Amino acid sequence: MIEKNDGGSGDDTAAPLCMSGDQPSVEMVRMKRRADFVACRKGTRVSRECFGIQMRKRSADELLGPGEKPHHLRVGFTVTKKIGNAVVRNRIKRRLRAAVAKAELAESLVGHDVVFMANEPAFDAPFHALTAQIATGLSKALVRLQNPAPRGKTRRDESRAHERAASGASRG
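These notes cover the structure that comes with them.

### Describing the nonpolar core
Nonpolar side chains tend toward joint burial in soluble globular proteins. Ranked by internal contacts, the top residues of the largest apolar core, which has 31 residues, are Leu105, Phe116 and Leu138. Elements supplying a minimum of two residues to this core: strand S3 (51-57), strand S4 (73-78), helix H2 (86-102), strand S5 (112-118) and helix H3 (127-146). Counting residues per element, this core draws most heavily on H3, at six residues. If near-sequence neighbours (up to four positions away) are discounted, Phe116 is found in contact with Phe51, Gly52, Ile53, Val75, Gly76, Phe77, Thr78, Leu96, Val100, Ile134 and Leu138.

What follows is the structure, encoded as structure tokens:
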């Protein structure tokens, strides 16, 4: 019997973003322009063990790249040079692309841009753990986008002001 060789290491690491046999619930397109990655930095951030997520909602009048439509989820992947050599970085990106393609994504992600910033544990993490972290991270980022934290004083600011007042009172 001849087995199909997907070019991966047996754990679906080399699969493309949208697999041909699967019908994804959300159509995804890879982000490649630097301006798109920079724009995502202004959105919300969520951290997971294997990666960080930056997400933003695209405006309706925003220019899209070739082949992109407003109802696509645009996804980008970055791995800094602090992590391994080029072989390691490329393997991490392949694993993340495959995990995003396999993850159950909500329809409410349509029209968003998402950037995954890989950490070192993404190299050795079990594939099912990657997909689980992607699902929980994206849902948390979506909640944060829909319900942004109030701006202004935080509890940390209030505690610092209280400490300053207490230390100022003890000096005099």
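### Some remarks on the pairing of S4
Within a regular strand, side chains alternate between the sheet's two faces. Buried residues dominate S4, accounting for five of its six residues. As judged from the five bridges shared by S4 and S5, these two strands associate in the parallel manner. Looking at the pairing, Thr78 lines up with Met117 of S5. Once the chain exits S4 it traverses H2 before rejoining the sheet at S5, and the crossover so formed is left-handed.

### Description of the sheet that holds strand S2 (residues 44-47)
Spatially, five strands are ordered S1-S4-S5-S3-S2 in an open sheet, and the strand pairing comes out mixed. The sheet terminates laterally at strand S1 (28-30) and S2, the two strands that pair on one side only. On average, each strand axis in the sheet is inclined to that of its neighbour by 25°, with strand direction left out of account.

### Let's talk about the packing of aromatic side chains
Under the criterion given, the structure shown has two aromatic pairs. Ring centres of Phe51 and Phe116 lie 5.4 Å apart, and the angle between their planes is 80°; on these two criteria the pair is classed as edge-to-face. Residue Phe51 is located in strand S3, and its partner Phe116 is located in strand S5; the two are separated by 65 residues in the primary sequence. The pair formed by Phe51 and Phe116 is uniform in burial state, with each residue classed as buried. Measuring from centroid to centroid gives 5.6 Å for Phe77 and Phe116, while their planes differ by 15°, and the two rings are stacked. Of this pair, Phe77 sits in strand S4 while Phe116 is found in strand S5, placing the two residues 39 residues apart along the sequence. For the residue pair Phe77 and Phe116, the accessibility class agrees, reading buried in each case.

### Let's talk about H2
Compared with an ideal rise of 1.5 Å per residue, which puts 17 residues at 24 Å, H2 spans 24 Å between its outermost C-alpha atoms and is within 8% of the ideal. Those residues of H2 that sit buried are Arg89, Ile92, Arg95, Leu96, Arg97, Ala98, Ala99, Val100 and Ala101. Among the residues of H2, the N-terminal cap falls to Asn85, whose side-chain oxygen and the backbone nitrogen of Val87 are separated by 3.2 Å.

Procedures and definitions
- Residues numbered from 1 in each chain as written.
- Predicted model: local features only at pLDDT ≥ 70, side-chain atom pairs only at ≥ 80, totals over all residues.
- Heavy atoms only, no water.
- Core = buried A, V, L, I, M, F, W, Y, C linked by side-chain atoms within 4.5 Å.
- Buried < 20%, exposed > 50% of the residue type's maximum accessible area, 1.4 Å probe, protein only.
- Helix = DSSP H or I, 4+ residues; strand = E, 2+ residues; numbered from the N terminus.
- Contact = heavy atoms within 4.5 Å.
- Pairing = 2+ DSSP bridges.
- Right-handed = clockwise from strand over helix to strand, strands pointing away.
- Axes fitted to C-alpha atoms, helices over the stretch in contact; angles between N-to-C directions.
- Phe/Tyr/Trp six-rings, centres within 6.5 Å; stacked < 30°, edge-to-face > 60°.
- Expected span 1.5 Å × (residues − 1).
- Polar contact = N/O pair within 3.5 Å; in protein donor to acceptor, adjacent residues only side chain to side chain.

These figures come from the coordinates and say nothing about function on their own.
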